[in-house]
Amino acid sequence: MTGEALWSDRLRKVYETRGAPPVEALRGVSLEVHRGERVALLGRNGAGKTTFLKIASTLLRPTSGRIEIFGEDVDRRPDRVRPYIAVVPQEGKPFFHLTPREQVYTYLRARGLARETARARTESAIEQMGLESVADRLAITLSGGQRQRTMVATVIATEAPLLFLDEPSIGMDPFARRDVWDSLRGLTRKGSTLLLTTHYLDEAEVLSDRLYIVEGGRVLVQGTAEELKRSVGGTLKVTLQGPGIVADEFQSFGACVSDGSALTVIVDPPRLAELLQIAVQRKLTAGVGPVTLEEAFLRVVGRSINAE
Amino acid sequence: MRSELALAPSRAFRGLGSFLWTEILVQAHEWLAMGTSMVVQGVLLVFVWILDPSLLPVSFLGAILFSMFTMGQRVLNEAAYLRIDHKANDLYLASPMTPEGYFLGMAIGILVVYVGPVLVIGLLSIWVVPYTPAIVLLLFLLALAVWLFSASTGYIFSTFFRDNRAIWAYSSLFFNLFGVLFPVFYPLSLFPADLRSVALLLPPSAAAALLQSSIGATSLSEAQIALAAGGLAVEVTLILLGAILWARRTSREA
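Scope of this entry: the structure provided in the associated data block. Because the structure is predicted, anything quoted here is derived from the model rather than measured.

1. Focus on the overall build of chain B
Looking only at helices and strands, chain B has 11 helices and 0 strands in total. From first element to last, N terminus to C terminus, chain B shows the α and β order α-α-α-α-α-α-α-α-α-α-α. Expected size for 254 residues packed as a compact globule is a radius of gyration near 18 Å; at 19 Å, chain B falls within 12% of this value. Overall, chain B is about 55 × 40 × 35 Å in size when its C-alpha atoms are taken along their principal axes. Burial statistics for chain B: of 254 residues in total, 52% are counted as buried. Nonlocal contacts in chain B, meaning residues at least 24 apart in sequence, comprise 81% of its contacts between residues at least 6 apart. Within the structure as shown, chain B displays about 11,400 Å² of accessible surface, and the carbon and sulfur contribution to it stands at 73%. With 12 positive and 13 negative side-chain charges, chain B shows a spacing of 10 Å between the two charge centroids.

Given below as structure tokens:
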């Protein structure tokens, strides 16, 4: 294995459908994922995240551009790339008539792992995903969250050098999501690299070293969660509620977002006291909290939508 | 196309054995469907016995061949279902396992699980079919050819669907075209003479005609035997090769 875990240059994908106008799902995506990194692709539905993941995982051919995994050209040599990768597909389901234990084990065997290794990794993945109590129940009898945990267990057990996870914790309860996060962190400690998509921005923030925000098939911004949050223009958000609030009054403090009943003002800590003083004078209710990735995401993507 | 064929044999079918075992585990839970298919075939054979016992040898052989055909057709449903509903293609094809290993593993897994009822019909047929070692060998080869043809076409067709429900109509079409309309369960001699060469070009009826001829239930000219046997060999070879190449090609647009 040589090169970056993943590297793409001006990757484009146009879907041609007979009788319908072509859809340009990717419009020149260039990104890189370093070895051992956890990187999240964020974007609205239809932004191009899954298309990118499908191309990267050898399942879809790009229209143009270049993509490499560990120095191997994904489009020209998918057979060389496939041993290095494993994928949790979006909305994937385990075989309904296999138990989680059978699902994980048979998948590892299909990937060519020896029996003993497959057995040991199966048990470890089942334990990490908290599936011990249902490990011998048919997947058809499991809840949606348990099935998704089975899918994640199947893929993390491979310990593949590069894992693609398309919305890995969808449908899971908060405890199960944290189990998944712990397991994924453990995998990168062992040397694996992760590229995931998620709509849970708290998950992206907690789990990833770097983030790419994608919109309309283009990368809008990339950086750490902290960098993206700083780009909002402040590190604190103040939510004001009360009669007669006008955004213009507070715009000198930072960006303002009104959702009808409340006004959110993004502000830097040195100006917080001043802002709260005005709120007290105006007899407004004020709540203070840190800026989250969600604000950054909404602002970045919202700006792009407005620009179009 | 040349590069599609360039994989070394050891790598070309990587994962086949393990996925075959996966499919056996999955399909074994469908024991009710297996039992039902057995009962349905049994009832049909009883009808034939009541209507005309002399047709029983032909019907038994037809039942064996058509069971092999329907087992192949299960690949159509299974491959589409796993791809559309479970996204199993994404999981298995983005791995060291090869696309042809996935296709053949699935097909053979289904065969292993569902072959039981066919063996029962085969054992019962000893009662009415005048078997010789040569006829048994011929039956084995023809049943294998019919299954390969059906599984290969099934896999290829499965890649064209985006909705499982759309497959049902085509499944019944294949069922009626290959098993009911053309002579599989009944002798070729009852089929319109002008259309017999068409029947001999369809693998299930070609295989049935060759078997019927081998037990003396239908008389075939040398040209007809050549057409049936040659056509069957060429069609099965081409469609199997086509399915392997198609599996490789469509693994990039899963």
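Here the narrative resumes, following the displayed structure.
2. Observations regarding the pattern of salt bridges
Between side chains of opposite charge, a pair can form as their charged atoms come close. Applying the stated rule across the entire model yields 27 salt bridges over all chains. One salt bridge connects E116 of chain A with R119 of chain A, and the closest N-O pair in it is separated by 2.8 Å. With E116 of chain A and R119 of chain A both in helix α4 (residues 115-128) and 3 residues apart, the pair spans about one turn of that helix. Its relative accessible area of 56% is what places E116 of chain A among the exposed residues. Beyond isolated ion pairs, a larger network of salt bridges with shared partners links R61 and D75 of chain A together with R252 of chain B.

3. Here we look at empty space enclosed by the protein
Rolled over the atoms, a probe sized like a water molecule indicates the empty space that remains. Residue and element names in this part refer to chain B. Under the counting rule described, the total for this entry stands at 1 cavity of 30 Å³ or more. Within this model, the largest cavity holds a volume of roughly 40 Å³. With 3 residues, the top contributor of residues to the lining of the largest cavity is helix α5 (residues 88-93). For the lining of the largest cavity, the class distribution of residues is 6 nonpolar, 2 polar and 1 charged.

4. Description of the interface of chain A and chain B
The interface is formed by 37 residues belonging to chain A together with 30 residues belonging to chain B. Buried surface at the junction of chain A and chain B, both sides included, amounts to about 2,900 Å², of which 59% is carbon and sulfur. Taken as a group, L59, R82 and F95 of chain A account for 25% of the area that chain A buries against chain B, more than any other trio of residues on that side. Measuring nitrogen to oxygen at the nearest pair gives 3.3 Å for the salt bridge that ties D75 of chain A to R252 of chain B. Remark: the boundary between chain A and chain B carries 10 residue pairs in polar contact (both at pLDDT 80 or more). For the side of chain A that touches chain B, the leading source of residues is helix α3 (residues 100-110) of chain A, giving 6 residues. Across the side of chain A that touches chain B, the residue classes break down as 18 nonpolar, 8 polar and 11 charged.

5. What to know about the layout of surface pockets
Residues and elements named next belong to chain B. By volume, the second largest pocket amounts to about 1,000 Å³. Among the elements that make up the lining of the second largest pocket, the one with the highest residue count is helix α4 (residues 56-84) (11 residues). Class assignment for the residues of the lining of the second largest pocket results in 22 nonpolar, 14 polar and 4 charged.

6. Concerning the packing of aromatic side chains
Two measures describe an aromatic ring pair: the distance that separates the ring centres and the angle between the ring planes. All names here are of chain B. Evaluated as defined, the whole model comprises 20 aromatic pairs over all chains. On the basis of an interplanar angle of 75° and a centroid distance of 6.3 Å, the ring pair of F157 and F160 is categorised as edge-to-face. Judged by its relative accessible area of 52%, F160 is exposed. Plain terms: the ring middles of F182 and F191 are 5.3 Å apart, the flat faces sit at 45° to each other, and that makes the pair tilted. Across the pair, F191 and F182 agree in class, each one buried.

Thresholds applied
- In this numbering scheme, every chain counts its residues from 1 along its sequence in written order.
- As they are written, the chains are lettered A onward and the ligands numbered 1 onward, keeping that order.
- Per-residue local features are limited, in this predicted model, to residues with pLDDT of at least 70; the limit for side-chain atom pairs, both in listing and counting, is 80 or more; totals at the level of whole chains, interfaces and linings are taken over all residues.
- Side-chain metrics rest on all non-hydrogen atoms present in the structure, leaving aside hydrogens and water.
- Secondary structure elements follow DSSP: runs of H or I no shorter than four residues count as helices, runs of E no shorter than two count as strands, and numbering proceeds from the N terminus.
- We take the radius of gyration over the C-alpha atoms and set the globule estimate at 2.2 Å times the residue count to the 0.38 power.
- Partly exposed residues are those whose accessible area sits between 20% and 50% of the maximum for their type, while under 20% is buried and over 50% is exposed, using a 1.4 Å probe and protein chains only.
- Here, two residues are considered to be in contact whenever any of their heavy atoms come within 4.5 Å of each other.
- Accessibility throughout is a Shrake-Rupley quantity obtained with a 1.4 Å probe, and a residue counts as covered only by protein chains that appear here.
- The charged-residue count follows a simple rule in which Lys and Arg add positive charge and Asp and Glu add negative charge, with His and chain termini not counted at all.
- For charged residues, the charge sits on one atom: NZ in Lys, CZ in Arg, CG in Asp, CD in Glu.
- The salt bridge criterion pairs a side-chain nitrogen of Lys or Arg with a carboxyl oxygen of Asp or Glu, the two atoms within 4 Å.
- Here a cavity means grid points, on a 1 Å grid over the protein atoms only, where a 1.4 Å probe fits yet cannot get out; a pocket means an open set of points with protein on both sides within 12 Å along at least five of seven lines; lining residues are those with an atom within 4 Å of a point.
- Grid points are joined across faces, edges and corners, and a volume is the space filled by probe spheres set on the points.
- All amino acids are sorted into three groups, where Ala, Val, Leu, Ile, Met, Phe, Trp, Tyr, Cys and Pro are nonpolar, Asp, Glu, Lys and Arg are charged, and the leftover types, Gly among them, are polar.
- Using a 1.4 Å probe, buried area is obtained as the accessible area two parts lose upon being combined, added over both of them.
- Whenever two N or O atoms come within 3.5 Å, that pair is a polar contact, provided that in protein one can donate a hydrogen and the other can accept it, and provided that, for residues adjacent in sequence, both atoms are side-chain atoms.
- Only centres within 6.5 Å qualify two rings of Phe, Tyr or Trp (six-membered ring in Trp) as a pair; their planes then separate them into stacked at under 30 degrees, edge-to-face at over 60, and tilted for everything else.

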